[in-house]
Amino acid sequence: MEASLVEKIEASNILVVGAGGIGCELLKNLAGSGFKHVEVIDLDTIDVSNLNRQFLFRTHHVGKPKCTVACEAARDMSPHSPHNDPVGFYVAHHGNVKDNDRFGVNFFKRFDVVLNALDNVDARRHVNRLCLSAEIPLIEAGTTGYLGQTTVIMGKQTECYECQPKPTQKVYPICTIRSTPSMPVHCIVWAKELYKLMFGSAPDSMLFEDEEGDEKSTFMSPVVDGRLKVEEKPSAEKLLKYTKSVLTALFTTEINKQLGMDRYKGAKKTPVAHDVEAMTKSIKAGDLKPPSETEGGEKRVWTNEECCQEIYCIVSEMYTVATSPPDIFSSSIAFDKDNHVAMRFVAAASNLRASVFKIETNSYYTAKGIAGNIIPAIATTNAIVAGQEVLELMKILKHGKDKVMEVCKFTYCLRAKTRKGFFLQPTSLQPPNEKCYVCKNARVVVSIDTKTFTLEGFIDQVLKKKMSFNSPILQIGCDQIYEDGEPEYEQNLAKTLENLPCGGIKDGTTLVVEDFEQDMEVNINFVQMEFEEEDERGQFLIGGDKPVAKKTTKDGGGGGGAGGDKMGEEEKKEEEAEEDDDDIEVLDANELPPPPPAVTKGKKRGREEDPLSSEKP
């Protein structure tokens, strides 16, 4: 490595956002490469389920902030001594990157380059906007199973994270399902693993914890050690007692333990433990009438009491000789969405989990629709994309941020090798999309029923959930009609858009939306459009009459295209989410790498030159 590049590496100030699967790999690479001034932001704490692939963490670290432990490990790996240069030497910031009081634009301006190792789309959008405002390069990476991608974003040179619309599918990624669920899909995947823990081979479940662990969860003993023996034909009373002990351990004792450890101190919603004793008080031993078999039972959302009743009925079925699977407690007992008993269990257990964390609950049918698209996360893919991020970082330091478009690449990590035998395929970065409202200040067209949609619904569903505004300020002409957090405007929230002050929002109205936290201003043009209740497009459209983003193929298709975005009832329930660092993942089109560009017929495509390498392709 050139002496001048070594000097730049040692002098550079680097920010890493995320200390999970990709983040651990990144910090290892940065420390080994000689980077000294690195700061890390991460909200999460270490869970037992992280230990098998987030290799900077050990059993005795469980419950501690990921960023703190990861920085300590990076210091130990670094060839430099923190005593000689303690300022900025792997500094941890335990908090939410969207906390503008701590991590605003001025904070980001302190750094030369930002590296993303995030696990959710909303936070990625936020970091993208802060880097654009601070005028610093952002190196972005993501993985989904064997597929991965790494790219570089530099304002005014390359397209930003939001330049291309993301295709929407009914499959979603999953990350911290054990510790901090935030969506129904997290709870459903957790319930699938619980089914395996209770009725299959317990060590095969990601919820399983080895007896030698220092911080064994309180539910392990009641669930696994307390298993009954089918051949002993347990009585109805024993089955009910076992069910109650399991539910209490999962939804009361364990939750209270985590609350006592301040595990959820920085969470948006603090979980509330269930009173299982009260919820199961009405269940009688031998009363085997599951809610799923009542009229309309599979199409409505069960109460917590009904979920407990359903689980008791399932436990009874699994332990009764006449109905028990012959291979119970073996590896062949795994979740199958077409197995009615397994799906009933997942629907009930996931709803109990969701209500603890104040997440929307679902009917049996809705849960079944979410439950079928699970794939394993691959730690090796995380390592590959993290290595690519550091290579792109070195290119930027060597050539300067003004040369990003020329020297950096968008690199795909493929599942199947190319015709030339490569699993990595670099392609040129793309210029900004002229229609991007984030980096090009383009106007956004929103088609919506202004006669029925309230301002509160528009802010929550459109501005915050779909456009990722944090603290929006709304203006019609020169008049302000809303500012986030200001009580004087709360009276407008319940009004329909057309009945707002200053003439309201109607067909042809232009609304100015500002967000000082993200240093962003967007003009929204409204089109009055009525939607049927069952309209497959949802209840509003962003960007046109219909979305035209390319569909993602099963083995890694994706990519964008100009056009609209949609928001339907199912998407409001399942929403975009995480994708990179847990044992179990659900595919998400938002994070799948788009397919490599087609090769022009008649022309050979060679390896692209690496600006860091002295070798020619």
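Residues numbered from 1 in each chain as written. Predicted model: local features only at pLDDT ≥ 70, side-chain atom pairs only at ≥ 80, totals over all residues. Heavy atoms only, no water.

We count it as follows: UniProt positions are given in the numbering used here, feature names are shortened, and annotations may be inferred rather than shown by experiment.
In the annotation of an unreviewed UniProt entry, the entry for the chain reads SUMO-activating enzyme subunit, and the organism field reads Triparma retinervis. Under the UniProt heading Subunit (unreviewed entry), the entry covering the chain gives this text: "Heterodimer." Turning to the chain, the UniProt annotation filed under Sequence similarities (unreviewed entry) states: "Belongs to the ubiquitin-activating E1 family."

## Some remarks on helix α8 (residues 236–260)
In an α-helix, one turn spans 3.6 residues; hence positions three or four apart end up facing the same way. Quick note on the threshold: Labels follow the DSSP assignment, with helices taken as runs of H or I lasting at least four residues and strands as runs of E lasting at least two, numbered in each case from the N terminus. Take the number of residues in a helix, subtract one, and multiply by 1.5 Å to get its expected span. At any given residue, the bend is defined as the angle formed between two axes, one fitted to the seven residues that end at that position and one fitted to the seven that begin there.
For α8, with 25 residues, the first-to-last C-alpha span of 35 Å sits near the 36 Å given by 1.5 Å per residue. In α8, a bend of some 40° at A249 exceeds every other bend along the element. Trailing α8 by a residue or two, D262 shows a phi angle of about 60°, which is positive.

## What about the UniProt feature "binding site: Zn(2+)" (unreviewed entry) in the chain?
The test is simple: Residue burial is assigned from relative accessible area. The probe radius is 1.4 Å, only protein chains are included, and a residue is buried under 20% of its type maximum, exposed over 50%, and partly exposed in between.
In the numbering adopted here, UniProt assigns the feature "binding site: Zn(2+)" (unreviewed entry) to C160, C163, C436 and C439. Across 280 residues of sequence, these annotated residues stay compact in space, with a maximum C-alpha separation of 8.5 Å. Note on placement: C160 falls in the loop between β6 (147–153) and α6 (184–199). Under the relative-accessibility criterion, C160 is labelled buried at 5%. Summarising the element assignment, C163 is placed in the loop between β6 and α6.

## Examining the confidence of the model for the chain
What counts is decided by this rule: The predictor rates its confidence in each residue with pLDDT, a number between 0 and 100. By definition in these notes, contact holds between two residues if any of their heavy atoms fall within 4.5 Å.
Looking at the chain as a whole, the pLDDT averages 82, with 82% of positions reaching at least 70. When the elements of the chain are averaged for pLDDT, strand β16 (residues 565–566) gives the smallest value, 37, and strand β4 (residues 113–116) the largest, 98. Throughout residues 168–175 the model reports pLDDT below 50, and contacts reaching past four residues in sequence, or to other chains, amount to 40 contacts.

## Some details on the nonpolar core
Which entries qualify depends on this criterion: Residues grouped as a nonpolar core are buried Ala, Val, Leu, Ile, Met, Phe, Trp, Tyr and Cys residues, joined through side-chain atoms within 4.5 Å.
Counting 64 residues, the largest nonpolar core has L194, L197, M198, F199 and F345 as the members making the most contacts within it. Every element with two or more residues in this core is listed here: α6, α7 (220–225), α8, α9 (276–279), α10 (304–319), α11 (340–356) and α12 (364–370). Once residues lying within four places of it in the same chain are set aside, the contact partners of F345 are A191, L194, Y195, M198, F199, I311 and I314.

## Things to note about the packing of α8 against α11
We count it as follows: Fitting a line to C-alpha atoms yields each axis, with helices limited to the stretch in contact; the angle taken between N-to-C directions then spans 0 to 180 degrees. For this classification, under 35 degrees means roughly parallel, over 145 means roughly antiparallel, 65 to 115 means roughly perpendicular, and everything else is oblique. Note on convention: the crossing is left-handed when the near helix lies turned anticlockwise from the far helix by less than a right angle, right-handed when the turn is clockwise. Three classes are used, and their members are as follows: Ala, Val, Leu, Ile, Met, Phe, Trp, Tyr, Cys and Pro are nonpolar, Asp, Glu, Lys and Arg are charged, and the others, Gly among them, are polar.
Taken N-terminus to C-terminus, the directions of α8 and α11 make an angle of 15°; their axes are 11 Å apart at the nearest point. By the angle between their directions, the pair α8 and α11 is classed as roughly parallel. Relative to α11, the crossing made by α8 is right-handed. For the pair formed by α8 and α11, the contact residues are L247, F251 and I255 on the first element and A349, L352, R353 and V356 on the second. Classifying every residue of the contact of α8 with α11 gives six nonpolar, no polar and one charged.

## Some thoughts on the sheet that holds strand β3 (residues 91–94)
Defined as follows: What makes two strands pair is DSSP finding at least two bridges between them.
Read from one edge to the other, the open sheet built from eight strands follows the order β3-β2-β1-β4-β5-β6-β8-β9, with strand pairing classed as mixed. On the outer flanks of this sheet lie β3 and β9 (424–428), each paired with one strand and no other. Each strand axis lies, on average, 15° off the axis of its neighbour in the sheet, ignoring direction. Bridge count for strand β1 (residues 13–17) against strand β2 (residues 37–42) is five bridges, and the pairing is parallel. When the bridges of β2 are listed, I14 appears paired with V38. Contacting β1, β4, β5 (138–144), β6, β8 (409–413) and β9, helix α13 (residues 379–399) crosses the sheet at an angle of about 165° to β5.

## Quick look at the pairing of β5
The two faces of a sheet get side chains in turn, since along a regular strand they alternate between them. In terms of residue burial, β5 counts as a mostly covered element, since seven of its seven residues are buried. In β5, alternate side chains face the same way, and those of L138, E140, G142 and T144 on one face and I139, A141 and T143 on the other are all buried. Where β5 lies against β6, seven bridges are found, and the strand directions are antiparallel. Note on β6: the bridge partner recorded for T143 is G148. Hairpin remark: β5 followed by β6, antiparallel, with two residues in the connecting loop; positive phi at G145, about 65°.

## Things to note about the packing of aromatic side chains
Quick note on the threshold: Think of it this way: a Phe, Tyr or Trp ring, Trp meaning its six-membered ring, pairs with another when their centres are within 6.5 Å, and the plane angle makes it stacked under 30 degrees, edge-to-face over 60, tilted otherwise. Ring-over charges, as used throughout, are those where CZ of Arg or NZ of Lys falls within 6 Å of the ring centre and within 35 degrees of the ring normal.
Evaluation of the coordinates by the stated rule reveals 15 aromatic pairs. Geometrically, the ring pair formed by F453 and F540 is edge-to-face, given 6.1 Å between the ring centres and 85° between the ring planes. Of this pair, F453 sits in the loop between β10 (444–448) and α15 (455–466) while F540 is found in strand β15 (residues 540–542), placing the two residues 87 residues apart along the sequence. Looking at F540, the relative accessible area reads 0%, which means it is buried. Ring pairs connect the aromatic residues F103, F107, F108 and F111, which therefore count as one cluster. Sitting above the plane of the F469 ring, R129 keeps its charged end 5.6 Å from the centroid.

## Concerning the packing of α10 against α11
At a closest axis distance of 9 Å, the pairing of α10 and α11 adopts a crossing angle of 145°. You can see that α10 and α11 cross each other, and the crossing is left-handed. The residues of α11 that touch α10, namely those facing N304, C307, C308, E310, I311, C313, I314, E317 and M318, are V341, R344, F345, A348, A349, N351, L352 and S355. A class-by-class count of the residues in the contact of α10 with α11 yields 11 nonpolar, three polar and three charged.

## With respect to the pattern of salt bridges
We apply this condition: One side-chain nitrogen of Lys or Arg within 4 Å of one carboxyl oxygen of Asp or Glu is enough to make a salt bridge.
Throughout the structure, instances matching the rule amount to 15 salt bridges. Here E193 ties to K196 by a salt bridge, and the two come within 3.6 Å at their closest N and O atoms. Here the residue E193 and the residue K196 both occupy positions in helix α6, the gap between them amounting to three residues, near one helical turn. Residue class for E193 comes out buried when judged on its relative accessible area of 6%. Accessibility expressed as a relative area gives 17% for K196, which makes it buried. Residues joined by salt bridges that share partners form a network here, namely E310, E317 and R344.

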